[in-house]
Amino acid sequence: MIRRLAFSNVWNVYWKNCDKCGEKTLSMFIPDSETIIYCPDCWWGDDWDGTEYAMNYDPSKPFLEQIKYLVDKTPHVSVNNMKSSIQNCDYVNSTGYSKDCYLCFWADYCENVYYSTLINNLKHSLDSIRGFDSELCYESVGYSRCYKLFYSDECDDCINVWFSRNCYNCQNCIGCVNLSGASYCIFNVKYTKKEYEEKLKGLSLESWSKIQELKKEAFTFWLTKPYRAYHGHSLSYNVTGDYVYTSKNSKESYILNGAEDCKYCQTVTVVPIKDCYDYSGWGANANRIYESIVVGGNADSIYFSNECWPDVFDVQYCSWAISGKNNFGCVNLKRKQYCILNKQYTKEEFFKLREKIIEDMKINPYIDKNGRKYFYGEFFPIEFSKFPYNKSNAMRFFEKTKEEALTEGYYWDDNEKSNNQSSINSNNLPDNINETGDSILQEAIECLSCSKPYNIAKGELDLLRKLKLPLPHECPKCRENKRFVRMTLPGLYNRNCDKCGIEVRTPYSPDRPEIIYCEKCYQQEVF
(Lines give C-alpha, C1' and ligand atoms only; values in the text may rest on other atoms or scores of the structure.)
Protein backbone atom coordinates (compact mmCIF):
# COMPACT_ATOMS: atom_id res chain seq x y z
CA MET A 1 0.00 0.00 0.00
CA ILE A 2 2.72 2.48 0.96
CA ARG A 3 4.64 1.79 -2.24
CA ARG A 4 1.52 2.40 -4.34
CA LEU A 5 0.68 5.61 -2.51
CA ALA A 6 4.20 6.90 -3.20
CA PHE A 7 3.36 6.85 -6.92
CA SER A 8 0.69 9.50 -6.50
CA ASN A 9 0.81 13.15 -5.49
CA VAL A 10 -2.52 14.85 -5.06
CA TRP A 11 -1.98 17.68 -2.58
CA ASN A 12 1.32 19.31 -3.60
CA VAL A 13 1.17 21.45 -6.73
CA TYR A 14 3.70 23.83 -8.25
CA TRP A 15 4.32 25.99 -11.30
CA LYS A 16 6.37 24.60 -14.18
CA ASN A 17 6.67 25.28 -17.89
CA CYS A 18 5.20 22.80 -20.36
CA ASP A 19 7.99 20.97 -22.20
CA LYS A 20 6.01 21.17 -25.43
CA CYS A 21 4.43 24.63 -25.71
CA GLY A 22 6.51 26.41 -23.08
CA GLU A 23 3.49 27.85 -21.28
CA LYS A 24 3.33 28.05 -17.49
CA THR A 25 1.19 25.27 -16.06
CA LEU A 26 0.12 23.89 -12.70
CA SER A 27 2.11 20.74 -11.98
CA MET A 28 2.14 17.91 -9.46
CA PHE A 29 5.87 17.44 -10.14
CA ILE A 30 8.38 19.39 -8.06
CA PRO A 31 9.94 22.38 -9.88
CA ASP A 32 13.39 20.81 -10.29
CA SER A 33 12.06 17.41 -11.39
CA GLU A 34 13.65 16.07 -14.57
CA THR A 35 10.33 14.50 -15.59
CA ILE A 36 9.13 15.57 -19.03
CA ILE A 37 5.76 17.27 -18.50
CA TYR A 38 3.09 18.56 -20.87
CA CYS A 39 0.34 20.95 -19.87
CA PRO A 40 -3.17 19.38 -20.05
CA ASP A 41 -3.89 20.93 -23.46
CA CYS A 42 -0.72 19.51 -24.98
CA TRP A 43 -0.91 16.13 -23.26
CA TRP A 44 -4.51 15.50 -24.20
CA GLY A 45 -4.01 16.82 -27.75
CA ASP A 46 -4.60 14.56 -30.74
CA ASP A 47 -1.22 15.20 -32.37
CA TRP A 48 0.46 12.37 -30.43
CA ASP A 49 -0.69 9.15 -28.77
CA GLY A 50 2.44 7.58 -27.25
CA THR A 51 3.26 5.12 -30.01
CA GLU A 52 5.96 7.59 -31.10
CA TYR A 53 8.01 6.16 -28.23
CA ALA A 54 7.45 2.50 -29.16
CA MET A 55 10.14 0.00 -28.20
CA ASN A 56 10.87 -3.55 -29.22
CA TYR A 57 11.04 -6.03 -26.36
CA ASP A 58 14.61 -7.07 -25.53
CA PRO A 59 14.58 -10.51 -23.82
CA SER A 60 18.15 -10.01 -22.62
CA LYS A 61 17.01 -7.26 -20.20
CA PRO A 62 14.47 -7.35 -17.37
CA PHE A 63 11.10 -6.23 -18.70
CA LEU A 64 10.63 -3.73 -15.89
CA GLU A 65 13.92 -2.09 -16.82
CA GLN A 66 12.49 -1.44 -20.28
CA ILE A 67 9.32 0.02 -18.77
CA LYS A 68 11.52 2.30 -16.64
CA TYR A 69 13.06 3.63 -19.85
CA LEU A 70 9.59 4.56 -21.11
CA VAL A 71 8.72 6.14 -17.78
CA ASP A 72 11.74 8.41 -18.09
CA LYS A 73 11.49 9.38 -21.76
CA THR A 74 7.74 9.83 -22.33
CA PRO A 75 5.88 13.05 -21.43
CA HIS A 76 3.68 13.06 -18.33
CA VAL A 77 0.62 15.26 -17.91
CA SER A 78 1.21 18.05 -15.40
CA VAL A 79 -1.96 17.33 -13.38
CA ASN A 80 -4.18 14.27 -13.56
CA ASN A 81 -7.62 15.74 -14.13
CA MET A 82 -10.21 14.35 -16.49
CA LYS A 83 -9.80 17.45 -18.64
CA SER A 84 -12.85 17.19 -20.88
CA SER A 85 -15.19 16.86 -17.89
CA ILE A 86 -14.18 19.93 -15.85
CA GLN A 87 -15.03 23.61 -16.33
CA ASN A 88 -13.26 26.57 -14.75
CA CYS A 89 -11.17 24.28 -12.56
CA ASP A 90 -7.68 25.53 -13.42
CA TYR A 91 -6.21 24.94 -9.96
CA VAL A 92 -7.25 21.39 -9.08
CA ASN A 93 -5.74 17.91 -9.20
CA SER A 94 -7.34 14.47 -9.51
CA THR A 95 -10.67 16.04 -10.31
CA GLY A 96 -13.42 15.12 -12.77
CA TYR A 97 -16.95 16.12 -13.74
CA SER A 98 -16.74 19.36 -11.76
CA LYS A 99 -16.94 23.09 -12.32
CA ASP A 100 -15.89 26.30 -10.58
CA CYS A 101 -13.63 24.53 -8.06
CA TYR A 102 -10.37 25.83 -6.62
CA LEU A 103 -7.55 23.86 -4.98
CA CYS A 104 -9.67 20.75 -4.68
CA PHE A 105 -8.18 17.26 -4.80
CA TRP A 106 -9.76 13.87 -5.38
CA ALA A 107 -13.03 15.55 -6.32
CA ASP A 108 -15.86 14.33 -8.55
CA TYR A 109 -19.18 15.90 -9.51
CA CYS A 110 -18.56 19.05 -7.47
CA GLU A 111 -19.48 22.69 -8.04
CA ASN A 112 -18.10 25.89 -6.52
CA VAL A 113 -15.96 24.16 -3.88
CA TYR A 114 -12.72 25.48 -2.38
CA TYR A 115 -9.79 23.83 -0.55
CA SER A 116 -11.35 20.39 -0.18
CA THR A 117 -10.29 16.75 -0.56
CA LEU A 118 -11.99 13.39 -1.16
CA ILE A 119 -15.31 14.95 -2.08
CA ASN A 120 -18.17 13.81 -4.27
CA ASN A 121 -21.26 15.75 -5.32
CA LEU A 122 -20.40 18.63 -3.00
CA LYS A 123 -21.64 22.13 -3.81
CA HIS A 124 -20.89 25.67 -2.61
CA SER A 125 -18.64 24.54 0.23
CA LEU A 126 -15.15 25.10 1.59
CA ASP A 127 -12.43 23.40 3.62
CA SER A 128 -13.81 19.86 3.73
CA ILE A 129 -12.54 16.30 3.75
CA ARG A 130 -14.79 13.39 2.79
CA GLY A 131 -17.83 15.51 2.04
CA PHE A 132 -20.57 13.86 -0.01
CA ASP A 133 -23.92 14.94 -1.46
CA SER A 134 -23.99 18.14 0.58
CA GLU A 135 -24.21 21.91 0.19
CA LEU A 136 -23.05 25.06 1.98
CA CYS A 137 -20.69 23.31 4.40
CA TYR A 138 -17.48 24.58 5.95
CA GLU A 139 -14.50 23.20 7.87
CA SER A 140 -16.03 19.75 8.31
CA VAL A 141 -14.81 16.16 8.03
CA GLY A 142 -16.74 13.05 7.01
CA TYR A 143 -20.32 14.02 6.22
CA SER A 144 -23.11 13.08 3.83
CA ARG A 145 -26.36 14.72 2.75
CA CYS A 146 -25.86 17.78 4.93
CA TYR A 147 -26.88 21.40 4.46
CA LYS A 148 -25.06 24.13 6.36
CA LEU A 149 -22.74 21.98 8.44
CA PHE A 150 -19.91 23.88 10.13
CA TYR A 151 -16.80 22.77 12.08
CA SER A 152 -18.23 19.26 12.51
CA ASP A 153 -17.12 15.64 12.11
CA GLU A 154 -18.87 12.45 10.99
CA CYS A 155 -22.41 13.79 10.59
CA ASP A 156 -25.13 12.68 8.17
CA ASP A 157 -28.46 14.22 7.11
CA CYS A 158 -27.98 17.35 9.22
CA ILE A 159 -29.13 20.94 8.71
CA ASN A 160 -27.72 24.04 10.43
CA VAL A 161 -25.39 22.09 12.72
CA TRP A 162 -22.22 23.56 14.27
CA PHE A 163 -19.26 22.11 16.20
CA SER A 164 -20.84 18.66 16.41
CA ARG A 165 -19.67 15.05 16.10
CA ASN A 166 -21.49 11.87 15.10
CA CYS A 167 -24.91 13.47 14.79
CA TYR A 168 -27.54 12.04 12.47
CA ASN A 169 -30.70 13.64 11.10
CA CYS A 170 -30.28 16.64 13.39
CA GLN A 171 -31.27 20.26 12.85
CA ASN A 172 -30.25 23.45 14.59
CA CYS A 173 -27.71 21.96 16.99
CA ILE A 174 -24.45 23.37 18.36
CA GLY A 175 -21.63 21.47 20.05
CA CYS A 176 -23.53 18.19 20.16
CA VAL A 177 -22.31 14.59 20.15
CA ASN A 178 -23.97 11.25 19.37
CA LEU A 179 -27.46 12.63 18.79
CA SER A 180 -30.05 11.25 16.37
CA GLY A 181 -33.13 13.13 15.23
CA ALA A 182 -32.46 16.00 17.61
CA SER A 183 -33.14 19.71 17.18
CA TYR A 184 -32.51 22.90 19.12
CA CYS A 185 -29.75 21.40 21.26
CA ILE A 186 -26.58 23.07 22.55
CA PHE A 187 -23.91 20.78 24.00
CA ASN A 188 -26.53 18.02 24.14
CA VAL A 189 -28.95 20.12 26.19
CA LYS A 190 -32.44 20.41 24.68
CA TYR A 191 -34.06 23.85 24.36
CA THR A 192 -37.29 25.18 22.94
CA LYS A 193 -37.02 26.90 19.58
CA LYS A 194 -37.36 30.31 21.21
CA GLU A 195 -34.75 29.54 23.87
CA TYR A 196 -32.37 28.20 21.23
CA GLU A 197 -32.70 31.30 19.07
CA GLU A 198 -32.02 33.57 22.04
CA LYS A 199 -28.89 31.63 23.00
CA LEU A 200 -27.78 31.58 19.36
CA LYS A 201 -27.71 35.39 19.33
CA GLY A 202 -25.32 35.42 22.24
CA LEU A 203 -22.87 32.99 20.66
CA SER A 204 -21.69 35.48 18.00
CA LEU A 205 -21.02 32.82 15.36
CA GLU A 206 -19.97 35.49 12.89
CA SER A 207 -16.92 36.35 15.05
CA TRP A 208 -13.57 34.65 14.38
CA SER A 209 -12.42 34.96 17.99
CA LYS A 210 -15.68 33.56 19.34
CA ILE A 211 -15.55 30.66 16.88
CA GLN A 212 -12.08 29.73 18.17
CA GLU A 213 -13.43 29.62 21.73
CA LEU A 214 -16.38 27.46 20.69
CA LYS A 215 -14.18 25.07 18.69
CA LYS A 216 -11.93 24.51 21.67
CA GLU A 217 -14.90 24.00 23.98
CA ALA A 218 -16.62 21.64 21.55
CA PHE A 219 -13.56 19.50 20.82
CA THR A 220 -13.02 19.09 24.57
CA PHE A 221 -16.67 18.13 25.02
CA TRP A 222 -16.39 15.56 22.23
CA LEU A 223 -13.82 13.60 24.25
CA THR A 224 -16.26 13.18 27.14
CA LYS A 225 -18.63 11.14 24.94
CA PRO A 226 -18.01 7.67 23.47
CA TYR A 227 -16.76 7.01 19.96
CA ARG A 228 -17.88 4.03 17.92
CA ALA A 229 -15.02 1.54 17.59
CA TYR A 230 -14.86 2.24 13.85
CA HIS A 231 -16.22 4.79 11.39
CA GLY A 232 -19.06 3.39 9.31
CA HIS A 233 -22.77 2.74 9.38
CA SER A 234 -25.37 -0.03 9.42
CA LEU A 235 -25.70 -0.18 5.63
CA SER A 236 -22.63 -2.39 5.32
CA TYR A 237 -22.49 -6.17 5.76
CA ASN A 238 -19.51 -8.30 6.73
CA VAL A 239 -16.90 -5.55 6.49
CA THR A 240 -13.80 -4.60 8.47
CA GLY A 241 -11.58 -1.55 8.37
CA ASP A 242 -12.35 2.14 8.84
CA TYR A 243 -14.51 4.63 6.95
CA VAL A 244 -16.17 1.75 5.09
CA TYR A 245 -19.68 2.58 3.88
CA THR A 246 -22.46 0.83 1.97
CA SER A 247 -20.24 -2.16 1.28
CA LYS A 248 -20.51 -5.94 1.43
CA ASN A 249 -17.95 -8.67 2.10
CA SER A 250 -15.06 -6.20 2.07
CA LYS A 251 -12.20 -6.50 4.52
CA GLU A 252 -9.33 -4.47 5.98
CA SER A 253 -10.07 -1.38 3.91
CA TYR A 254 -9.78 2.36 4.51
CA ILE A 255 -12.10 4.99 3.05
CA LEU A 256 -14.19 2.67 0.92
CA ASN A 257 -17.67 3.20 -0.45
CA GLY A 258 -20.02 0.97 -2.42
CA ALA A 259 -17.71 -2.04 -2.58
CA GLU A 260 -18.46 -5.75 -2.80
CA ASP A 261 -16.03 -8.63 -2.33
CA CYS A 262 -12.97 -6.43 -1.87
CA LYS A 263 -9.96 -6.47 0.43
CA TYR A 264 -7.08 -4.14 1.28
CA CYS A 265 -8.53 -1.17 -0.62
CA GLN A 266 -7.96 2.50 0.21
CA THR A 267 -9.57 5.80 -0.84
CA VAL A 268 -11.89 4.11 -3.33
CA THR A 269 -15.02 6.20 -2.97
CA VAL A 270 -16.97 6.37 -6.23
CA VAL A 271 -19.47 3.53 -6.54
CA PRO A 272 -19.56 0.73 -7.59
CA ILE A 273 -16.47 -1.36 -6.89
CA LYS A 274 -16.33 -5.15 -7.08
CA ASP A 275 -13.79 -7.96 -6.77
CA CYS A 276 -10.81 -5.69 -6.04
CA TYR A 277 -7.72 -6.38 -3.94
CA ASP A 278 -4.78 -4.15 -2.99
CA TYR A 279 -6.33 -1.20 -4.79
CA SER A 280 -5.83 2.49 -3.98
CA GLY A 281 -7.84 5.36 -5.37
CA TRP A 282 -11.08 6.07 -7.22
CA GLY A 283 -13.67 3.45 -8.31
CA ALA A 284 -16.63 4.36 -10.55
CA ASN A 285 -17.49 0.91 -11.88
CA ALA A 286 -14.12 -0.64 -11.12
CA ASN A 287 -13.95 -4.43 -11.32
CA ARG A 288 -11.14 -6.94 -10.80
CA ILE A 289 -8.46 -4.37 -9.95
CA TYR A 290 -5.30 -5.72 -8.31
CA GLU A 291 -2.14 -3.99 -7.06
CA SER A 292 -3.00 -0.70 -8.76
CA ILE A 293 -3.50 2.96 -7.90
CA VAL A 294 -5.75 5.65 -9.41
CA VAL A 295 -7.75 3.39 -11.66
CA GLY A 296 -11.44 3.81 -12.43
CA GLY A 297 -14.20 4.99 -14.69
CA ASN A 298 -15.31 1.64 -16.17
CA ALA A 299 -12.09 -0.21 -15.46
CA ASP A 300 -11.90 -4.00 -15.54
CA SER A 301 -9.04 -6.46 -15.09
CA ILE A 302 -6.28 -3.96 -14.32
CA TYR A 303 -3.17 -5.34 -12.64
CA PHE A 304 0.07 -3.74 -11.33
CA SER A 305 -0.80 -0.41 -12.93
CA ASN A 306 -0.93 3.30 -12.21
CA GLU A 307 -3.26 6.01 -13.56
CA CYS A 308 -5.23 3.94 -16.08
CA TRP A 309 -8.68 5.36 -16.90
CA PRO A 310 -11.36 5.61 -18.22
CA ASP A 311 -12.82 2.64 -20.11
CA VAL A 312 -9.77 0.43 -19.67
CA PHE A 313 -9.70 -3.36 -19.88
CA ASP A 314 -7.10 -6.09 -19.45
CA VAL A 315 -4.14 -3.84 -18.70
CA GLN A 316 -0.99 -4.92 -16.88
CA TYR A 317 2.14 -3.01 -15.86
CA CYS A 318 0.91 0.21 -17.40
CA SER A 319 1.20 3.81 -16.26
CA TRP A 320 -0.99 6.49 -17.77
CA ALA A 321 -2.48 4.13 -20.34
CA ILE A 322 -5.65 6.07 -21.12
CA SER A 323 -8.79 4.48 -22.58
CA GLY A 324 -6.84 1.41 -23.63
CA LYS A 325 -7.57 -2.30 -23.84
CA ASN A 326 -5.22 -5.28 -23.83
CA ASN A 327 -2.03 -3.34 -23.17
CA PHE A 328 1.09 -4.55 -21.37
CA GLY A 329 4.01 -2.48 -20.11
CA CYS A 330 2.90 0.79 -21.70
CA VAL A 331 3.49 4.32 -20.44
CA ASN A 332 1.75 7.54 -21.46
CA LEU A 333 -0.25 5.80 -24.16
CA LYS A 334 -3.66 7.04 -25.31
CA ARG A 335 -6.59 5.14 -26.81
CA LYS A 336 -4.69 2.08 -28.02
CA GLN A 337 -5.02 -1.68 -27.75
CA TYR A 338 -2.73 -4.68 -28.19
CA CYS A 339 0.38 -2.66 -27.37
CA ILE A 340 3.53 -3.74 -25.53
CA LEU A 341 6.11 -1.09 -24.60
CA ASN A 342 3.94 1.34 -26.60
CA LYS A 343 4.40 -0.69 -29.78
CA GLN A 344 1.31 -1.82 -31.69
CA TYR A 345 0.81 -5.54 -32.40
CA THR A 346 -1.91 -7.65 -33.91
CA LYS A 347 -4.16 -9.45 -31.45
CA GLU A 348 -2.42 -12.78 -32.02
CA GLU A 349 1.08 -11.27 -31.79
CA PHE A 350 0.15 -9.43 -28.59
CA PHE A 351 -1.04 -12.43 -26.61
CA LYS A 352 1.85 -14.60 -27.76
CA LEU A 353 4.48 -12.01 -26.83
CA ARG A 354 2.79 -11.17 -23.54
CA GLU A 355 2.92 -14.78 -22.42
CA LYS A 356 6.61 -14.97 -23.33
CA ILE A 357 7.40 -11.80 -21.37
CA ILE A 358 5.52 -13.06 -18.30
CA GLU A 359 7.56 -16.25 -18.34
CA ASP A 360 10.75 -14.20 -18.75
CA MET A 361 9.79 -12.00 -15.77
CA LYS A 362 9.49 -15.07 -13.57
CA ILE A 363 13.14 -15.97 -14.14
CA ASN A 364 14.74 -12.59 -14.95
CA PRO A 365 13.58 -10.13 -12.30
CA TYR A 366 14.28 -6.42 -12.06
CA ILE A 367 16.76 -5.68 -9.27
CA ASP A 368 16.59 -2.24 -7.68
CA LYS A 369 19.42 -0.23 -6.13
CA ASN A 370 18.75 -1.83 -2.73
CA GLY A 371 19.03 -5.32 -4.18
CA ARG A 372 15.31 -6.12 -4.04
CA LYS A 373 14.05 -8.42 -6.78
CA TYR A 374 10.79 -7.79 -8.61
CA PHE A 375 9.33 -10.77 -10.42
CA TYR A 376 6.04 -10.91 -12.30
CA GLY A 377 3.01 -10.34 -10.09
CA GLU A 378 3.59 -7.18 -8.07
CA PHE A 379 3.48 -3.40 -8.40
CA PHE A 380 6.28 -1.26 -9.84
CA PRO A 381 9.54 -0.88 -7.90
CA ILE A 382 9.90 2.07 -5.53
CA GLU A 383 12.44 3.86 -7.70
CA PHE A 384 9.96 4.15 -10.60
CA SER A 385 8.00 6.83 -8.75
CA LYS A 386 8.36 10.40 -10.01
CA PHE A 387 7.53 11.92 -6.62
CA PRO A 388 9.68 12.49 -3.53
CA TYR A 389 8.29 10.50 -0.63
CA ASN A 390 7.56 13.64 1.39
CA LYS A 391 5.60 15.12 -1.53
CA SER A 392 3.58 11.98 -2.24
CA ASN A 393 0.28 10.67 -0.92
CA ALA A 394 2.19 8.10 1.12
CA MET A 395 3.55 10.82 3.42
CA ARG A 396 0.02 11.91 4.29
CA PHE A 397 -0.92 8.52 5.69
CA PHE A 398 2.44 6.98 6.62
CA GLU A 399 4.83 9.66 7.80
CA LYS A 400 8.55 8.88 7.55
CA THR A 401 11.69 10.79 8.35
CA LYS A 402 14.04 11.68 5.53
CA GLU A 403 16.50 9.05 6.72
CA GLU A 404 13.83 6.34 6.81
CA ALA A 405 12.59 7.18 3.32
CA LEU A 406 16.07 7.26 1.78
CA THR A 407 17.05 3.99 3.45
CA GLU A 408 13.99 2.28 1.98
CA GLY A 409 14.84 3.51 -1.53
CA TYR A 410 12.56 6.53 -1.91
CA TYR A 411 13.88 9.99 -2.66
CA TRP A 412 13.25 13.26 -0.82
CA ASP A 413 12.80 16.94 -1.58
CA ASP A 414 14.02 19.53 0.93
CA ASN A 415 12.92 22.58 -1.03
CA GLU A 416 10.34 24.43 1.07
CA LYS A 417 11.32 27.98 0.14
CA SER A 418 8.79 30.68 -0.66
CA ASN A 419 9.91 33.96 -2.19
CA ASN A 420 6.57 35.66 -1.62
CA GLN A 421 6.24 38.31 1.08
CA SER A 422 3.24 38.92 3.31
CA SER A 423 1.49 42.27 3.26
CA ILE A 424 -0.72 41.77 6.32
CA ASN A 425 -0.54 39.65 9.45
CA SER A 426 -3.49 37.34 10.06
CA ASN A 427 -3.84 38.81 13.56
CA ASN A 428 -4.84 42.06 11.88
CA LEU A 429 -7.68 40.55 9.85
CA PRO A 430 -11.23 41.73 10.58
CA ASP A 431 -13.01 39.67 13.22
CA ASN A 432 -16.24 39.73 11.22
CA ILE A 433 -16.89 39.14 7.52
CA ASN A 434 -19.11 42.24 7.42
CA GLU A 435 -16.00 44.30 8.16
CA THR A 436 -14.07 42.75 5.27
CA GLY A 437 -13.80 44.72 2.04
CA ASP A 438 -12.80 43.52 -1.42
CA SER A 439 -9.32 44.97 -0.88
CA ILE A 440 -8.48 41.79 1.04
CA LEU A 441 -8.25 40.04 -2.33
CA GLN A 442 -5.08 42.03 -3.03
CA GLU A 443 -3.37 41.11 0.23
CA ALA A 444 -0.82 38.39 0.97
CA ILE A 445 -1.78 37.24 4.47
CA GLU A 446 0.78 35.83 6.88
CA CYS A 447 -0.42 32.44 8.16
CA LEU A 448 -0.98 32.27 11.89
CA SER A 449 0.67 28.84 12.08
CA CYS A 450 3.48 28.60 9.51
CA SER A 451 3.97 32.33 8.68
CA LYS A 452 3.84 31.63 4.95
CA PRO A 453 1.75 34.02 2.84
CA TYR A 454 -1.62 33.04 1.42
CA ASN A 455 -4.39 34.76 -0.51
CA ILE A 456 -8.16 34.90 -0.38
CA ALA A 457 -9.82 33.95 -3.69
CA LYS A 458 -12.80 35.91 -4.99
CA GLY A 459 -15.14 32.91 -4.95
CA GLU A 460 -13.95 31.99 -1.47
CA LEU A 461 -14.79 35.50 -0.22
CA ASP A 462 -18.21 35.33 -1.86
CA LEU A 463 -18.99 32.03 -0.13
CA LEU A 464 -17.78 33.26 3.25
CA ARG A 465 -20.03 36.28 2.91
CA LYS A 466 -22.96 34.09 1.98
CA LEU A 467 -22.34 31.86 5.01
CA LYS A 468 -21.56 34.89 7.24
CA LEU A 469 -18.27 33.34 8.30
CA PRO A 470 -15.01 35.21 9.10
CA LEU A 471 -11.83 34.98 7.06
CA PRO A 472 -9.52 32.06 7.86
CA HIS A 473 -6.36 33.03 9.73
CA GLU A 474 -4.28 30.12 8.47
CA CYS A 475 -3.09 29.15 4.99
CA PRO A 476 -4.93 26.38 3.10
CA LYS A 477 -2.17 23.84 3.80
CA CYS A 478 -2.21 24.37 7.57
CA ARG A 479 -6.00 24.22 7.62
CA GLU A 480 -5.92 21.00 5.63
CA ASN A 481 -3.33 19.46 7.97
CA LYS A 482 -5.54 20.18 10.97
CA ARG A 483 -8.53 18.56 9.28
CA PHE A 484 -6.52 15.43 8.58
CA VAL A 485 -5.54 15.22 12.24
CA ARG A 486 -9.23 14.86 13.01
CA MET A 487 -9.27 11.62 10.99
CA THR A 488 -7.81 8.28 12.01
CA LEU A 489 -5.02 6.80 9.91
CA PRO A 490 -4.96 3.36 8.26
CA GLY A 491 -4.40 0.54 10.71
CA LEU A 492 -6.40 -1.26 13.41
CA TYR A 493 -5.63 -2.00 17.05
CA ASN A 494 -7.01 -4.37 19.67
CA ARG A 495 -8.88 -2.59 22.45
CA ASN A 496 -11.70 -3.35 24.82
CA CYS A 497 -15.07 -1.64 24.75
CA ASP A 498 -15.03 0.92 27.57
CA LYS A 499 -18.58 -0.07 28.54
CA CYS A 500 -19.01 -3.85 28.27
CA GLY A 501 -15.35 -4.89 28.00
CA ILE A 502 -15.65 -6.94 24.81
CA GLU A 503 -12.56 -6.91 22.58
CA VAL A 504 -12.87 -4.71 19.48
CA ARG A 505 -10.73 -3.84 16.48
CA THR A 506 -10.43 -0.09 16.22
CA PRO A 507 -8.34 2.63 14.52
CA TYR A 508 -7.96 4.29 17.95
CA SER A 509 -4.73 3.07 19.50
CA PRO A 510 -4.87 2.06 23.19
CA ASP A 511 -2.94 5.15 24.26
CA ARG A 512 -5.44 7.58 22.73
CA PRO A 513 -7.88 9.43 25.03
CA GLU A 514 -11.12 8.61 23.20
CA ILE A 515 -13.78 6.54 24.98
CA ILE A 516 -14.39 3.55 22.69
CA TYR A 517 -17.65 1.59 22.53
CA CYS A 518 -18.37 -1.58 20.59
CA GLU A 519 -21.10 -1.48 17.96
CA LYS A 520 -23.84 -2.73 20.28
CA CYS A 521 -23.04 -0.36 23.12
CA TYR A 522 -22.65 2.57 20.75
CA GLN A 523 -26.05 1.97 19.15
CA GLN A 524 -27.62 1.88 22.60
CA GLU A 525 -25.95 5.21 23.33
CA VAL A 526 -27.07 6.97 20.16
CA PHE A 527 -30.18 5.26 18.86
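About the cut-offs
- Residues numbered from 1 in each chain as written.
- Predicted model: local features only at pLDDT ≥ 70, side-chain atom pairs only at ≥ 80, totals over all residues.
- Heavy atoms only, no water.
- Helix = DSSP H or I, 4+ residues; strand = E, 2+ residues; numbered from the N terminus.
- Rg over C-alpha atoms; globule rule 2.2 N^0.38 Å.
- Buried < 20%, exposed > 50% of the residue type's maximum accessible area, 1.4 Å probe, protein only.
- Areas by Shrake-Rupley, 256 points an atom, 1.4 Å probe, with all protein chains shown as cover.
- Lys, Arg positive; Asp, Glu negative; His and termini not counted.
- Charge placed at Lys NZ, Arg CZ, Asp CG, Glu CD.
- Pairing = 2+ DSSP bridges.
- 1 Å grid on protein atoms, 1.4 Å probe; cavity = no way out; pocket = protein on both sides within 12 Å on 5 of 7 lines; lining within 4 Å.
- Points joined across faces, edges and corners; volume = space filled by probe spheres on them.
- Nonpolar A, V, L, I, M, F, W, Y, C, P; charged D, E, K, R; others polar.
- Salt bridge = Lys/Arg side-chain N within 4 Å of Asp/Glu carboxyl O.
- Phe/Tyr/Trp six-rings, centres within 6.5 Å; stacked < 30°, edge-to-face > 60°.
- Core = buried A, V, L, I, M, F, W, Y, C linked by side-chain atoms within 4.5 Å.
- Contact = heavy atoms within 4.5 Å.

### Digging into the overall build of the protein
Counting its secondary structure elements, the protein contains 11 helices and 38 strands. A compact globule built from 527 residues would reach a C-alpha radius of gyration of about 24 Å, and the protein, at 24 Å, matches this within 12%. Seen through its principal axes, the protein has C-alpha atoms that stretch 80 × 55 × 40 Å. Going through the 527 residues of the protein one by one, you find that 58% of them count as buried. For the protein, the exposed area adds up to about 22,200 Å²; of that, 47% sits on carbon and sulfur atoms. For the protein, the centre of its 64 positive side-chain charges and the centre of its 71 negative side-chain charges are spaced 2 Å apart.

### Here's the deal with the sheet that holds strand β34 (residues 445-446)
Read from one edge of the open sheet, 3 strands run β33-β34-β35, paired in mixed fashion. Looking along the sheet, the strands with just one partner apiece sit at the ends: β33 (424-425) and β35 (453-454). Looking at chain direction, β34 and β35 are connected through 2 bridges and run antiparallel. Bridged to Ile445 within β35 is Tyr454.

### What about empty space enclosed by the protein?
Evaluated as defined, the whole model comprises 2 cavities of 30 Å³ or more. What the largest cavity holds in volume is close to 240 Å³. Forming the boundary of the largest cavity are 20 residues, of which Ser94, Thr95, Trp106, Asp108 and Trp282 lie nearest the centre. Every element with two or more residues in the lining of the largest cavity is listed here: β5 (91-96), β6 (102-108), β8 (117-135), β19 (259-270) and β21 (277-283). Taken together, the residues of the lining of the largest cavity sort by class into 9 nonpolar, 9 polar and 2 charged. Estimated volume of the second largest cavity: approximately 170 Å³.

### A look at unusual backbone geometry
A cis amide bond links Val271 to the next residue, Pro272, at an omega of -10 degrees. Position of Pro272 relative to the elements: it lies in the loop between β19 and β20 (273-274). With an omega dihedral of -25 degrees, the bond running from Trp309 to Pro310 counts as a cis peptide bond. Inspection of the secondary structure assignment puts Pro310 in the loop between β24 (306-308) and β25 (312-316). A positive phi angle, close to 55 degrees, is found at Tyr184, a residue other than glycine. Position of Tyr184 among the secondary structure elements: in strand β14 (residues 183-186). Positive phi, normally seen in glycine, also occurs at Asn285, with a value near 65 degrees.

### Concerning the pattern of salt bridges
Following the criterion strictly, the structure yields 38 salt bridges and no others. Residue Lys123 is joined to Glu111 by a salt bridge in which the shortest nitrogen-to-oxygen separation is 3.9 Å. Taken as a pair, Lys123 in strand β8 and Glu111 in strand β7 (residues 111-114) lie far apart in primary sequence, 12 residues in all. The exposure class assigned to Glu111 is partly exposed, which follows from its relative accessible area of 22%. In the salt-bridge network here, residues are joined through shared partners; they are Asp127, Glu139, Asp153, Glu460, Arg479, Arg483 and Arg486.

### A look at the packing of aromatic side chains
This model, assessed by the stated rule, comprises 50 aromatic pairs. When the ring of Trp11 is compared with that of Phe484, the centres are 5.4 Å apart and the planes differ by 85 degrees; the resulting orientation is edge-to-face. Of this pair, Trp11 sits in the loop between α1 (2-5) and β1 (14-17) while Phe484 sits in helix α10 (residues 476-485), placing them 473 residues apart in sequence. For the ring pair Tyr97 and Tyr109, a centre distance of 4.9 Å and an interplane angle of 5 degrees mean the geometry is stacked.

### Concerning the layout of surface pockets
If you roll a probe as big as a water molecule over the atoms, it shows you where there is empty space left. The space that makes up the largest pocket amounts to roughly 1,900 Å³. In this structure, the largest pocket is lined by 47 residues; those nearest its centre are Trp11, Asn12, Val13, Lys452 and Lys477. Broken down by secondary-structure element, the contributors of at least two residues to the lining of the largest pocket are β1, β6, α7 (393-397), β35 and α10. The element contributing the most residues to the lining of the largest pocket is α10, with 8 residues. Of the residues belonging to the lining of the largest pocket, the class tally is 27 nonpolar, 10 polar and 10 charged. The computed volume of the second largest pocket comes to approximately 650 Å³. In terms of lining, the second largest pocket is formed by 35 residues, of which the most central are Ser144, Arg145, Asp156, His233 and Tyr245. The element that contributes the greatest number of residues to the lining of the second largest pocket is β8, accounting for 4 residues. Of the residues contributing to the lining of the second largest pocket, the split by class is 15 nonpolar, 12 polar and 8 charged.

### Regarding the nonpolar core
Grouped together as the largest cluster of nonpolar side chains are 93 residues, with contacts concentrated most on Phe63, Leu64, Ile67, Tyr279, Phe328, Ile340 and Tyr389. Aside from chain neighbours lying at most four places away, what touches Leu64 is Tyr317, Met361, Tyr366, Tyr374, Phe380, Pro381 and Phe384. If you look at the next biggest cluster of nonpolar residues, it comprises 52 residues, including Tyr168, Ala218, Trp222 and Ile433.

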